Amino acid sequence: MLIADVVFGKIDDLFTFLRSDKKQWPTFFELAILFAVSGFLLGLKTNMHGLQINRLIMGALVSAGAVVGFLFSLLGFFVLFFILKLIFNLELSKSELYKIGLIGNVPNVLSTIFTTICTLLFGFNEKGYTSIQAFAGAESKPLAAFFYILDPFTLSEVFFVSYLVTRFTAKKKLFPVFIVIWLLIKYAFGFIG
């Protein structure tokens, strides 16, 4: 199971996953279902700016948003590593790029599950429960964007996938370069959004 391999750092099993010729639809659906269920549960407890919406409808909307976010995240992984593939002459197929996207979404789904559990236990928090921004509450946009990327799940995604790609492609010297590029992109999106 992909999630257990990522959580326990079973690099050899992940390399087998990357090299396999099997279709990865079951893994895709497993992650999509986890996003949908945790998003639905999160939506049941969400109070979006005091809107008076039926909890089931809110759950369905948040669930759909979580799945759409997962799809955009996969697309983002694919585009980012396709560009890095071209720039740094990495030997990765489209299938391997897609599988890297699946691996990279494991910390995202774990973050969603963690946030859902915290929301069910402690109530809704607009800033979430995983980033430093949730606790620091910085008002300035540059500092808030920086605090949002200081999230253990985001950092583990960046470090783990960068390590996996650089080791898989035998370009270990690019590890810090990938991390810096990826964190700058995440910071830029956090600053814009």
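Calculation criteria
Residues numbered from 1 in each chain as written. Predicted model: local features only at pLDDT ≥ 70, side-chain atom pairs only at ≥ 80, totals over all residues. Heavy atoms only, no water. Patch = residues over 30% accessible without salt bridge, like charges linked within 9 Å, V, L, I, M, F, W, Y side chains within 5 Å. Areas by Shrake-Rupley, 256 points an atom, 1.4 Å probe, with all protein chains shown as cover. Salt bridge = Lys/Arg side-chain N within 4 Å of Asp/Glu carboxyl O. Helix = DSSP H or I, 4+ residues; strand = E, 2+ residues; numbered from the N terminus. Axes fitted to C-alpha atoms, helices over the stretch in contact; angles between N-to-C directions. Parallel < 35°, antiparallel > 145°, perpendicular 65-115°, else oblique. Left-handed = near helix turned anticlockwise from the far one by under 90°. Contact = heavy atoms within 4.5 Å. 1 Å grid on protein atoms, 1.4 Å probe; cavity = no way out; pocket = protein on both sides within 12 Å on 5 of 7 lines; lining within 4 Å. Points joined across faces, edges and corners; volume = space filled by probe spheres on them. Nonpolar A, V, L, I, M, F, W, Y, C, P; charged D, E, K, R; others polar. Phe/Tyr/Trp six-rings, centres within 6.5 Å; stacked < 30°, edge-to-face > 60°. Buried < 20%, exposed > 50% of the residue type's maximum accessible area, 1.4 Å probe, protein only.

Enquirer: So what about a nonpolar patch on the surface? Which residues, and what values?
Expert: Side chains of Val68, Phe72, Leu75, Val79, Phe82, Ile83, Leu86 and Ile87 sit close together on the surface and give an oily, nonpolar patch of about 760 Å² of accessible area. Mapped onto the elements of the fold, Phe72 is located in helix α4 (residues 55-88).

Enquirer: Which residues make up the packing of helix α5 (residues 94-122) against helix α8 (residues 152-168), and what values go with them?
Expert: Their axes nearest at 9 Å, the elements α5 and α8 cross at an angle of 160°. Between α5 and α8, the angle is such that the two are roughly antiparallel. The way α5 lies across α8 gives a crossing that is right-handed. Contacts from Glu96, Ile100, Ile103, Gly104, Pro107, Asn108, Leu110, Ser111 and Phe114 of α5 reach α8 at Phe153, Ser156, Glu157, Phe160, Val161, Leu164, Val165 and Phe168.

Enquirer: So what's going on with the environment of Phe175? Which residues, and what values?
Expert: Inspection of the secondary structure assignment puts Phe175 in helix α9 (residues 175-192). Non-local contacts of Phe175, meaning those with residues more than four positions away in its chain, are made with Phe159, Ser162, Tyr163 and Thr166.

Enquirer: Break down the environment of Leu92 for me, citing the residues and quoting the values.
Expert: Residue position: Leu92 is located in the loop between α4 and α5. Expressed as a C-alpha distance, the spacing of Leu92 and Phe124, which sit 32 residues apart in the sequence, is 41 Å. Non-local contacts of Leu92, meaning those with residues more than four positions away in its chain, are made with Lys85, Leu97, Ile100, Val165, Phe168 and Thr169.

Enquirer: I'd like a rundown of the layout of surface pockets, residues and numbers included.
Expert: Empty space among the atoms can be located by rolling a probe the size of a water molecule over them. Volume-wise, the largest pocket comes out at about 1600 Å³. Taken together, 45 residues form the lining of the largest pocket, with Asn108, Ser111, Asp151, Thr154 and Lys186 sitting closest to its centre. Of all the elements, α4 adds the most residues to the lining of the largest pocket, at 12 residues. A per-class count over the lining of the largest pocket returns 20 nonpolar, 20 polar and 5 charged.

Enquirer: Give a detailed account of the packing of aromatic side chains, specifying residues and quantitative values.
Expert: In the structure shown here, the tally under the stated rule is 16 aromatic pairs. Seen in terms of ring centroids, Trp25 and Phe28 are 5.6 Å apart; in terms of plane orientation they differ by 85°. Their pairing is edge-to-face. A residue pair is termed a helical-turn pair when its members lie 3 or 4 positions apart in one helix, as Trp25 and Phe28 do in helix α3 (residues 25-45) at 3 residues. Taking the relative accessible area as the measure of exposure, Trp25 reaches 48% and is therefore partly exposed. Taking the centre distance of 5.8 Å and the plane angle of 45° together, the rings of Phe114 and Phe153 count as tilted. Taken together, the residues Phe114 in helix α5 and Phe153 in helix α8 connect sequence positions 39 residues apart. Since its relative accessible area comes to 36%, Phe114 is described here as partly exposed.

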